[in-house]
Amino acid sequence: IHSRIQGVLRYQKTHTTLRLAVDEVKNLTYFSQSYSMGTTDTPRTGMALAVRQGGATSLLTLELAQDFRLGPLHWENVITYQKSSKEEVIPVPDLNVYSNLYLRFKIARVLKCDLGGDVRYFTKYYAPDYSPAIGSYTVQEGPDKVEVGSFPIVNVYANFHLKHTRFFVMFSHINAGS
């Protein structure tokens, strides 16, 4: 059983949106996966189990979106705070930040162009793991859990739109390895 109470406040004049949501999930059934670390001779193996969580698990979300525009320059920003009452059941990063800065213009009055870059950042957490064996995401369990986050992911792109056709070029995670 999933219940949500949500409120959204939009102020169009300043392009500001504030959202507050409280989700409650009762008697959640999810997949849990743990690994046994392999050695140089044996591969790392995992086992997924279905787990039923009795009681309720709550998720609090507070989100602020702020967009700016100055002529052809656009800047879109979203900051999200999340807190799960049971991180071992619904793991989420405490803080997510997204920012997208781009120039929007037309070439020859028909070709719409967006040239820009975006950055995403989220705090460390134990993200769900994908299990190909069951075709689903699972919650990480055990001593070998892998924590992700706490670094920015930067992309740059060129997006074009001509009548009913859209095409783009994107370089993802250009800061990888730095």
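Residues numbered from 1 in each chain as written. Predicted model: local features only at pLDDT ≥ 70, side-chain atom pairs only at ≥ 80, totals over all residues. Heavy atoms only, no water.

## Observations regarding the confidence of the model for the protein
In this model, the protein carries an average pLDDT of 91, and 93% of its residues clear a pLDDT of 70 or more. Confidence, read as mean pLDDT per element, is least for strand β7 (residues 129-131) in the protein (85) and greatest for strand β4 (residues 73-84) (98). (pLDDT = per-residue confidence, 0-100. Helix = DSSP H or I, 4+ residues; strand = E, 2+ residues; numbered from the N terminus.)

## Some points on the pattern of salt bridges
Here the structure, examined in full by the defined rule, presents five salt bridges. Note that D23 is salt-bridged to R4, the shortest N-O span being 2.8 Å. Pair noted here: D23 is in strand β2 (residues 16-36) and R4 is in strand β1 (residues 2-11), with a separation of 19 residues, a long-range link. For D23, a relative accessible area of 7% corresponds to the buried category. (Salt bridge = Lys/Arg side-chain N within 4 Å of Asp/Glu carboxyl O. Buried < 20%, exposed > 50% of the residue type's maximum accessible area, 1.4 Å probe, protein only.)

## Here's the deal with the pairing of strand β5 (residues 95-107)
The sheet contact formed by β4 and β5 spans nine bridges and is antiparallel. Paired with E76 across the bridge in β5 is N100. As consecutive antiparallel partners, β5 and strand β6 (residues 111-122) are separated by three residues, and within that stretch A108 has a phi angle of approximately 55°, a positive value. (Pairing = 2+ DSSP bridges.)

## Re the nonpolar core
Core analysis: the biggest nonpolar cluster contains eight residues, these being V25, L28, Y30, L59, V89, I90, V92 and V139. If we skip the residues at most four places from it in the chain, L28 touches V51, R52, Q53, V89 and I90. (Core = buried A, V, L, I, M, F, W, Y, C linked by side-chain atoms within 4.5 Å. Contact = heavy atoms within 4.5 Å.)

## Some thoughts on the packing of aromatic side chains
Aromatic rings considered in pairs are described by the distance between their centres and by the relative angle of their planes. For the structure shown, the criterion picks out four aromatic pairs. Both rings, one in F160 and one in F167, keep their centres 5.3 Å apart while their planes meet at 25°; by these two values the pair is stacked. Residue classification places F160 among the buried residues on the basis of a relative accessible area of 19%. According to the relative accessible area criterion, F167 is partly exposed, its value standing at 42%. Its guanidinium or amino end placed over the ring of Y126, K145 lies 4.3 Å from that ring's centre, counting from NZ or CZ. (Phe/Tyr/Trp six-rings, centres within 6.5 Å; stacked < 30°, edge-to-face > 60°. Lys NZ or Arg CZ within 6 Å of the ring centre and 35° of its normal.)

## Structural notes on a nonpolar patch on the surface
Together, I5, L9, L18, L20, V22, L60, L62, L64, I79, Y81 and L95 make up an exposed nonpolar region whose accessible area comes to about 940 Å². Elements supplying a minimum of two residues to the nonpolar patch: β1, β2, β3 (45-70) and β4. In this fold, L64 is placed in strand β3. (Patch = residues over 30% accessible without salt bridge, like charges linked within 9 Å, V, L, I, M, F, W, Y side chains within 5 Å. Areas by Shrake-Rupley, 256 points an atom, 1.4 Å probe, with all protein chains shown as cover.)

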